[in-house]
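# Coordinates in review
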Amino acid sequence: MTKVVDMTDKGNGTNGAELTGAGAKMWLLAFVDRVVAGADELTELDREAGDGDFGWNISSALKRGREGLEGIDEAHPAQAFQTVADAFLASGGTSGPLFGLWFGRLGAGPTAPWGVPELGAAFGTATEAVRRLGKAEVGHKTMVDAMVPATEVLTDATARTWREAVSEAARAARAGAESTGGMVAHRGRASYLGERAKDVLDPGAVAVAWFFESAEGV
Ligand code: ADP
Ligand code: MG
């Protein structure tokens, strides 16, 4: 089959339609930067609705992830996601193993560039794994509130390119994260606070929105 010339190629090793290893690496490095820059904001949310360690937990894992990412050969997205998963292995808090599992399932995805169907399948498996391990559903005020709507967009995506699909997923993840303001938590430490933490956004869900939004500049 002849390949159509890709006019959206940015000359950075990513083609327009498929997510390459180089594209996944850039996306993940942008996510690391976003979380490191916003760690205090995440910590503040977790302080209001938990114990105040979330910003540190996730940013220290992702800084380890950055070191790993810098050393990989960019062959395919799965390798980049697996590198970040490994960095979460030693991470503290409830969120560490959950993000480790999420990225680990993505890391088990195809070892070739990912089109929109591969993205949908990989995120479908990953989000389902987190939902099961955390026993969390939409409405429980956790990271799952951002993961599920973003994943639904990716699995139903009519978009032709991975960028279009992920950009729609980012809007869904953002809306999901915003929806946690006004929810009483049913999982995690925030659930001990009941109504008192109702208006606080869930920091895990905010981090997931940042993850999808980080693909914007790739
Ligand atoms: P801890 O509560 O152990 O300090 P962290 O601060 O590292 O954990 O992570 C808190 C985040 O973990 C929450 O914002 C929420 O998104 C997520 N979380 C907590 N419990 C669950 C769960 N059962 N399922 C899914 N996500 C969860
Ligand atoms: Mg915490």
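Okay, so let's go over this structure. (Residues numbered from 1 in each chain as written. Chains lettered and ligands numbered in written order. Predicted model: local features only at pLDDT ≥ 70, side-chain atom pairs only at ≥ 80, totals over all residues. Heavy atoms only, no water.)

### Digging into the packing of helix 6 (residues 144-155) against helix 9 (residues 203-213)
With their axes 8 Å apart at the nearest point, helix 6 and helix 9 run at an angle of 30° to one another. By the criterion of interaxial angle, the relationship of helix 6 to helix 9 is roughly parallel. For the pair formed by helix 6 and helix 9, the contact residues are A146, M147, A150 and L154 on the first element and A205, V208, A209 and F212 on the second. Split into classes, the residues belonging to the contact of helix 6 with helix 9 amount to 8 nonpolar, no polar and no charged. (Axes fitted to C-alpha atoms, helices over the stretch in contact; angles between N-to-C directions. Helix = DSSP H or I, 4+ residues; strand = E, 2+ residues; numbered from the N terminus. Parallel < 35°, antiparallel > 145°, perpendicular 65-115°, else oblique. Contact = heavy atoms within 4.5 Å. Nonpolar A, V, L, I, M, F, W, Y, C, P; charged D, E, K, R; others polar.)

### So, the site of ligand 1
With respect to spatial proximity, 19 residues lie near ligand 1, and among them N57, T94, S95, G134 and D202 are the closest. The contact in question runs from an oxygen atom of ligand 1 to an N or O atom on the side chain of D53, over 2.9 Å. Between ligand 1 and the protein, one listed contact pairs a nitrogen atom with a backbone N or O atom of G134 at 2.9 Å. Computed on the free molecule, ligand 1 has an accessible area of 570 Å², of which 93% lies beneath the protein chains in the complex. For the shell around ligand 1, the elements supplying multiple residues, two or more each, are helix 2 (54-70), helix 4 (95-107) and helix 9. Residue classes in the shell around ligand 1 are distributed as 5 nonpolar, 8 polar and 6 charged. (Near = heavy atom within 4 Å. Polar contact = N/O pair within 3.5 Å; in protein donor to acceptor, adjacent residues only side chain to side chain. Areas by Shrake-Rupley, 256 points an atom, 1.4 Å probe, with all protein chains shown as cover.)

### Some thoughts on the coordination of the magnesium ion (ligand 2)
Listed as protein donors to the magnesium ion (ligand 2) are D46 (OD), D51 (OD) and D53 (OD); their distances from the metal cover 2.0 to 2.3 Å. Mapping the donors of the magnesium ion (ligand 2) onto the primary sequence yields the spacing D-x4-D-x1-D. Accessibility expressed as a relative area gives 37% for D51, which makes it partly exposed. Assessed through its relative accessible area of 27%, D53 is described here as partly exposed. (Donors = N, O, S within 2.8 Å, 3.2 Å for Na, K, Ca; no water. Buried < 20%, exposed > 50% of the residue type's maximum accessible area, 1.4 Å probe, protein only.)

### Notes on the pattern of salt bridges
Under the definition given, this model contains 9 salt bridges. Salt-bridge contacts for D51 lead to R189; the nearest nitrogen and oxygen are separated by 2.9 Å. Of this pair, D51 sits in the loop between helix 1 (21-49) and helix 2 while R189 is found in the loop between helix 7 (162-179) and helix 8 (190-193), placing the two residues 138 residues apart along the sequence. According to the relative accessible area criterion, R189 is partly exposed, its value standing at 47%. Between R174 and E213 there is a salt bridge, with the nearest N and O atoms lying 2.9 Å from each other. Within this pair, whereas R174 is found in helix 7, its partner E213 is found in helix 9, the two being separated by 39 residues in sequence. What emerges from the salt-bridge pattern is a single network uniting E128, R131, R132 and E137. (Salt bridge = Lys/Arg side-chain N within 4 Å of Asp/Glu carboxyl O.)

### Description of helix 6
Over its 12 residues, helix 6 extends 16 Å from the first C-alpha to the last, a length consistent with the 16 Å expected when each residue adds 1.5 Å. The buried fraction of helix 6 amounts to 9 of the 12 residues, a majority that puts the element mostly inside the structure. Buried residues of helix 6: V144, D145, A146, M147, V148, P149, A150, T151 and L154, and no others. Where helix 6 is buried, its residues meet helix 4, helix 5 (116-134), helix 7 and helix 9. (Expected span 1.5 Å × (residues − 1).)

### Structural notes on the packing of helix 1 against helix 2
In a packed pair of helices, the relevant descriptors are the angle between the two axes and the axis-to-axis distance. The contact between helix 1 and helix 2 brings their axes to 8 Å, and the two run at 165°. As judged from the angle between their axes, helix 1 and helix 2 are roughly antiparallel. For helix 1 against helix 2, the interelement crossing comes out left-handed. Contacts between helix 1 and helix 2 involve K25, L28, L29, F31, V32, D33, V35, V36, A39, L42, T43 and D46 from the first element and F54, G55, W56, I58, S59, L62, K63, R66, L69 and E70 from the second. (Left-handed = near helix turned anticlockwise from the far one by under 90°.)

Function cannot be read off these values alone, since they describe shape.
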